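Below, each chain spelled out in residue letters.
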Amino acid sequence: MTRLAARWLGRAALVAVLLVLAVLAGTSIGETAIPLPVVAQTLANKLYGAGYPLDRIDEGIVWNYRLTRAIVAACCWAGLAVAGIILQALLRNALADPYLLGISAGASTGAVLVTVAGVGAGAVSLSLGAFAGAVTAFLLVALLARAAGGGQGARGAGQIVLAGIAGSQLFNALTAFIITRSASAEQARGIMFWLLGNLSGARWDNVATALPVALGVTLVCLWHVRALDAFTFGADSAASLGVPVRRVQVLLILAASLATAVMVSIVGAIGFVGLVVPHAARLMVGVRHTRLVPAAALMGAMFLIAADVLSRILVPGQVLPIGVVTALVGAPAFALILAHGRTAR
Amino acid sequence: MNGPIDAPPSLEAEALCWPARRAPILRGVSLAVRDGEMLGLVGPNGSGKSTLLRLLAGLLPPARGEVRLLGRPLRRTPRREVARLVALVEQQAETLERITLRDAVELGRTPWLSALRPWGAEDDGIVAGAMAAVDVQHLAARDWASLSGGERQRAHIARALAQRPRILLLDEPTNHLDIHHQLALLELVAALPVTKVIALHDLNQAMRCDRLAVLQAGRLIRLGPPAEVLTPELLRDVFGVRAAFVTDPEDGARLLRFLSIS
Ligand SMILES: Nc1ncnc2c1ncn2[C@@H]1O[C@H](COP(=O)(O)OP(=O)(O)OP(=O)(O)O)[C@@H](O)[C@H]1O
Ligand SMILES: [Mg+2]
């Protein structure tokens, strides 16, 4: 085995251990703290049929509630952070984030159409509605950017950001319109909660979607780290370095959008992730994507588990919407990053 | 440095036109770059030098005509393969990313790397050599934003050298450079064992090329050895200046002296 391979294996092992520890911590901490040994024994029971005698309720909380929640949280933020990196590199815009492309606004509209306006007559789940809305919004934004004469390079990137802002406004207005027209106070509150992000519904079937999508988008991105680096001096420069620009752009932006749509449809619109985490990771490991992508995925996963724990213990007896916690932590963190960036120049 | 006269063309343009709609910027440019030569592109601002270089590098698809690389149509050569043969140093390429100069130069290895062929000691050596060639190794760890215009230009050239191309396309590479580095750079480029196409504004520097191509309003109006191409009549017609050749008594070199605008 070469030294390089050994180093990479070592890093991958470290990342895996850190992630497992974070998930275990997220599972153990909560309104009723469940000791780590109980968590470990539950896992042993479920995974190997170890047969430790445990409280049925504790076991249920760990396996069906806390564990799924922690895993879904980790997947969502990892996926969104990677999506953020992709968009920032390809659009060459430090402010690009998955929500900029109108994806979360579209998801909200889709969710509202299903829950409030009754589209699908109960046969369509909120997640599915949100996903459909997200994809629709993204397609509209992409078409608009194209119609605006997008093309390649800095101008094309600018157009897609502008188109995304227009799309977001449109879909947010649609959402507000539907809510004010036909939602009861009860429904409006529920929607509000969903919009701010909600992990309480995370179960194993959500893990089954979130985990492959998060892994998928991270792997696709890892496969293209050199191409992403090559965009440093713009799309033309990337092309002259041998990157098939169009193909990479289409593939990666589609992957990022799809991942965002899936994550938003599972947990709602948690703001700020795709923006803050990549920037924080850049400060720690630099701008080269070979390190940035794994670092951001890992940091994203850990941050959201931490934020989820906070959301459960900050106010006793009440679970705060996760989006409130991420924004409360994220906004000051982002301000700090900006200030640091200024002085470091 | 004189290129072999009857070597086959390594890069060929045939009746290039661009763009298809709107007023044409290039109108039927044909030229064959010989293997190993240094071909200079001269012409007034806006005459189409940068556009021609971008077409030759495959960054723009020709509206009509064809570019051939080692006899093969550029259009049908995979980008990665093109990048292993042709490197382009653009007139301006900037970034807001917080990369170091070494990061920028390392980008030049992109066409040679893949997930299955990771960075290796050989790449480190090539990058170090490329930085040494343009005298920027002492700046390797510096932030891009902190570099001067000339230092950035040299870094771009180092990046192109790190690509290990057979053909180097340079768009006004001596822009931003002080006179020492201008001369050093031209010397370096001339000595490189690759084929060079170089857009230049300084006509005395252009005299060092093996051949010169003169562009005017998107047309190739002259192609040949500098001494035959750069005549007082051409300078008057194309650039609108009165000029004369003077001979340096020191070594007998012929220099252009510009008298007035006509
Ligand atoms: N994408 C474009 N759309 C419209 N016009 C363009 C485009 N690119 C170049 N041009 C025009 O084509 C002409 C040739 O441009 P080009 O950059 O090739 O000139 P150049 O010979 O390199 O000039 P300079 O010496 O100033 O670098 C200019 O008039 C320029 O304005
Ligand atoms: Mg030019």
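- If you look chain B up in an unreviewed UniProt entry, it shows as Histidinol phosphatase from Teichococcus rhizosphaerae.
- Under the Function (unreviewed entry) heading, UniProt states for chain B: "Part of the ABC transporter complex HmuTUV involved in hemin import. Responsible for energy coupling to the transport system."
- UniProt, in its Sequence similarities (unreviewed entry) section for chain B, records the words "Belongs to the ABC transporter superfamily."

- Looking up chain A in an unreviewed UniProt entry gives the name ABC transporter permease, with the organism given as Teichococcus rhizosphaerae.
- Of chain A, the UniProt comment under Subcellular location (unreviewed entry) reads exactly: "Cell membrane".
- According to the UniProt record, the Sequence similarities (unreviewed entry) comment for chain A is "Belongs to the binding-protein-dependent transport system permease family. FecCD subfamily."

**With respect to the overall build of chain A**
- The secondary structure content of chain A amounts to 14 helices and zero strands.
- What you see in chain A, going N to C, is helices and strands ordered as α-α-α-α-α-α-α-α-α-α-α-α-α-α.
- Its C-alpha atoms give chain A a radius of gyration of 21 Å, within 12% of the compact-globule value 20 Å for 345 residues.
- Projecting the C-alpha coordinates of chain A onto the three principal axes gives extents of approximately 65 × 65 × 40 Å.
- Residue burial in chain A is summarised as follows: out of 345 residues, 50% are buried.
- Considering only contacts in chain A between residues 6 or more positions apart, those separated by 24 or more positions represent 73%.
- Counting every atom, chain A has about 15,600 Å² of accessible surface; 70% of that belongs to carbon and sulfur.
- Computed over 22 positive and 10 negative side-chain charges, the separation of the two mean positions in chain A equals 15 Å.

**Remarks on the interface of chain B and chain A**
- Residue-level contacts link 31 residues of chain B with 23 residues of chain A.
- Of the roughly 2,400 Å² buried between chain B and chain A, counting both surfaces, carbon and sulfur atoms make up 59%.
- Contact with chain A buries surface across chain B, with Arg79, Arg98 and Leu107 of chain B losing the most and accounting together for 26% of the total.
- Counting across the chain B and chain A interface gives three salt bridges.
- Linking aspartate 236 of chain A and arginine 54 of chain B is a salt bridge whose minimum nitrogen-to-oxygen distance equals 2.9 Å.
- Along the contact surface separating chain B from chain A lie seven residue pairs in polar contact (both at pLDDT 80 or more).

**A closer look at the UniProt feature "transmembrane region" (unreviewed entry) in chain A**
Residue and element names in this part refer to chain A.
- Taking the numbering used here, the UniProt-annotated feature "transmembrane region" (unreviewed entry) corresponds to residues 70-91, 98-120, 126-148, 160-179, 250-277, 289-307 and 319-339.
- With 100% helix and 0% strand, the stretch residues 70-91 has end C-alpha atoms that lie 31 Å from each other.
- Secondary structure within residues 160-179 divides into 100% helix and 0% strand; the distance between the first and last C-alpha atoms comes to 28 Å.

**Re the domain arrangement of chain B**
Residues and elements named next belong to chain B.
- Along its sequence, chain B is carved into domain 1 (9-230) and domain 2 (231-262).
- Each of domain 1 and domain 2 was reduced to a C-alpha centroid, and the two centroids are 27 Å apart.
- Each partner contributes residues to the interface: domain 1 has 14 residues there, and domain 2 has twelve residues.
- When domain 1 packs against domain 2, the two sides together hide about 1,000 Å² of surface, and 68% of this comes from carbon and sulfur.
- The largest share of the area that domain 1 buries against domain 2 comes from Leu203, Asn204 and Leu230, three residues that together contribute 46% of it.
- At the surface where domain 1 touches domain 2, the tally comes to zero salt bridges.
- Joining domain 1 to domain 2, the criterion identifies two residue pairs in polar contact (both at pLDDT 80 or more).
- Broken down by secondary-structure element, the contributors of at least two residues to the side of domain 1 that touches domain 2 are helix 7 (203-206), strand 9 (211-216), strand 10 (219-224) and helix 8 (226-229).
- Its residues assigned to classes, the side of domain 1 that touches domain 2 shows nine nonpolar, three polar and two charged.

**Thoughts on the coordination of the magnesium ion (ligand 2)**
All names here are of chain B.
- Donor atoms from the polypeptide that coordinate the magnesium ion (ligand 2) comprise Ser50 (OG) and Gln91 (OE1), at 1.9 to 2.3 Å from the metal. Here the residue serine 50 occupies a position in helix 1 (residues 49-56), and glutamine 91 occupies one in the loop between strand 6 (86-89) and helix 3 (101-106), the gap between them amounting to 41 residues.
- On the basis of relative accessible area, glutamine 91 is assigned to the partly exposed category, the value being 27%.

**Notes on the sheet that holds strand 9 of chain B**
Residues and elements named next belong to chain B.
- On the basis of which strands lie adjacent, the open sheet formed by six strands has the order 6-7-8-3-9-10 and mixed pairing. The outermost strands of the open sheet, each flanked by one partner alone, are strand 6 and strand 10. Strand-to-strand twist in this sheet, taken as the mean axis angle between neighbours without regard to direction, amounts to 15°.
- Bridge analysis of strand 3 (residues 38-42) against strand 8 (residues 195-199) gives four bridges, and the strand direction is parallel. Counterpart to leucine 41 in the pairing with strand 8 is alanine 199.
- Across the sheet, helix 1 lies against strand 3, strand 6, strand 7 (167-171), strand 8 and strand 9, angled at about 155° from strand 7, the strand it touches most.

**Description of the sheet that holds strand 4 (residues 64-69) of chain B**
Residues and elements named next belong to chain B.
- Strands sit in the order 2-1-4-5 across an open sheet of four strands; the sheet is antiparallel. Edge positions in the sheet fall to strand 2 (26-34) and strand 5 (72-73), since each of these pairs with one other strand and no more.
- Direction of pairing for strand 1 (residues 9-18) relative to strand 2: antiparallel, over a ladder of seven bridges. Across the sheet, leucine 11 pairs through a bridge with valine 33, a residue of strand 2.
- Here helix 1 sits on the sheet in contact with strand 1, strand 2 and strand 4, set at roughly 120° to strand 1.

**Considering the pairing of strand 1 of chain B**
- With five bridges connecting them, strand 1 of chain B and strand 4 of chain B associate as antiparallel partners. Bridge pairing in strand 4 of chain B places alanine 13 of chain B opposite valine 67 of chain B.

**Considerations on unusual backbone geometry**
All names here are of chain B.
- Cis rather than trans, the peptide bond between tryptophan 18 and proline 19 has omega equal to -10°.
- Examined against the element boundaries, proline 19 turns out to sit in the loop between strand 1 and strand 2.
- Non-glycine residue leucine 70 carries a positive phi angle of around 50°.
- If you trace the backbone, leucine 70 turns up in the loop between strand 4 and strand 5.
- For leucine 70, a relative accessible area of 40% gives the class partly exposed.
- Even without being glycine, aspartate 135 reaches a positive phi, approximately 65°.
- By the element assignment, aspartate 135 lies in the loop between helix 4 (121-133) and helix 5 (149-162).

Parameters and conventions
Residues numbered from 1 in each chain as written. Chains lettered and ligands numbered in written order. Predicted model: local features only at pLDDT ≥ 70, side-chain atom pairs only at ≥ 80, totals over all residues. Heavy atoms only, no water. UniProt positions renumbered as here; feature names shortened; annotations may be inferred. Helix = DSSP H or I, 4+ residues; strand = E, 2+ residues; numbered from the N terminus. Rg over C-alpha atoms; globule rule 2.2 N^0.38 Å. Buried < 20%, exposed > 50% of the residue type's maximum accessible area, 1.4 Å probe, protein only. Contact = heavy atoms within 4.5 Å. Areas by Shrake-Rupley, 256 points an atom, 1.4 Å probe, with all protein chains shown as cover. Lys, Arg positive; Asp, Glu negative; His and termini not counted. Charge placed at Lys NZ, Arg CZ, Asp CG, Glu CD. Buried area = accessible area lost by both parts, 1.4 Å probe. Salt bridge = Lys/Arg side-chain N within 4 Å of Asp/Glu carboxyl O. Polar contact = N/O pair within 3.5 Å; in protein donor to acceptor, adjacent residues only side chain to side chain. Domains from an automatic or database assignment. Nonpolar A, V, L, I, M, F, W, Y, C, P; charged D, E, K, R; others polar. Donors = N, O, S within 2.8 Å, 3.2 Å for Na, K, Ca; no water. Pairing = 2+ DSSP bridges. Axes fitted to C-alpha atoms, helices over the stretch in contact; angles between N-to-C directions.

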